[in-house]
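Results of the structural survey
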Amino acid sequence: MRKIIAASIAAGSFITFADPSQAADRDGGAQLAAMCASCHRLDGGDGGIPTILGIGPEMLTRAMLAYRSRERPSHIMRAIALSLSDEEIATVARYLAALNRRVRP
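Remember, predicted model here, so these are calculated numbers, not experimental data. Residue positions are given per chain, counted from 1 along the sequence in the order it is written. In keeping with the model being predicted, local features are shown solely for residues with a pLDDT of at least 70 and side-chain atom pairs are shown and tallied solely at 80 or more, while totals for entire chains, interfaces and linings include all residues. Each side-chain value is derived from all of the structure's non-hydrogen atoms; neither hydrogens nor water enter the calculation.

1. Focus on the confidence of the model for the protein chain
- The pLDDT averaged across the protein chain works out to 78; a share of 70% of its residues lies at or above 70.
- The low-confidence segment residues 7-18, where pLDDT is below 50, has one contact with residues more than four positions distant or belonging to other chains. Every residue gets a pLDDT, meaning the predictor's confidence in that residue, from 0 to 100. Any two residues whose heavy atoms approach within 4.5 Å are treated as being in contact.

Below, the structure is given as structure tokens:
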């Protein structure tokens, strides 16, 4: 029994510390996505403002960069895109893509 518990603890530690950049990415993405949640629902629902869940990270990143460069018109989205670095946009896009897998259909 002790061997099973020890193996479980070791496996859990390995999973937890296997890729610290992914954990940091999730944490940073969650913090950045809180800004998105004020308008876009992050539970997969649509309250009149389109959901951003289900959009691949590459597509969402391209959309945010298009808002920043005024290729896509939206004063609000442009202001948000200007407030984020390229890496922050990519981080939140990856977070939202991963979150989509856990949201109900």
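2. A closer look at the pattern of salt bridges
- By definition, a salt bridge exists where a carboxyl oxygen of Asp or Glu is found within 4 Å of a side-chain nitrogen of Lys or Arg. This structure, assessed with the given rule, holds two salt bridges.
- Here Arg68 ties to Asp86 by a salt bridge, and the two come within 2.6 Å at their closest N and O atoms. Placement of the pair is Arg68 in helix H3 (residues 57-68) and Asp86 in helix H5 (residues 86-100), with a sequence separation of 18 residues.
- Asp86 gets classed as partly exposed once you look at its relative accessible area, which sits at 47%.
- When the shortest N-O distance is used, the salt bridge between Glu87 and Arg94 registers 3.2 Å. The helix count covers DSSP runs of H or I at least four residues long, the strand count covers runs of E at least two residues long, and both are numbered beginning at the N terminus. Accessibility here uses a 1.4 Å probe with only protein chains present; expressed as a share of the type maximum, an area under 20% marks a residue as buried, one over 50% as exposed, and anything in between as partly exposed.

3. As for the packing of H3 against helix H4 (residues 75-83)
- Where H3 contacts H4, the two axes come as close as 7 Å, and the packing angle between them is 105 degrees. One finds that H3 runs roughly perpendicular with respect to H4. Contacts between H3 and H4 pair Met64, Tyr67 and Arg68 from the former with Met77, Arg78, Ile80, Ala81 and Leu82 from the latter.
- Polarity classes work like this: nonpolar for Ala, Val, Leu, Ile, Met, Phe, Trp, Tyr, Cys and Pro, charged for Asp, Glu, Lys and Arg, and polar for all others, with Gly in that last group. Looking at the contact of H3 with H4 residue by residue, the classes come out as six nonpolar, no polar and two charged. Axis definition: a line fitted to C-alpha atoms, over the contacting stretch in the case of helices. Angles run 0 to 180 degrees between N-to-C directions. Each angle receives one of four descriptions, namely roughly parallel if under 35 degrees, roughly antiparallel if over 145, roughly perpendicular if within 65 to 115, and oblique otherwise.

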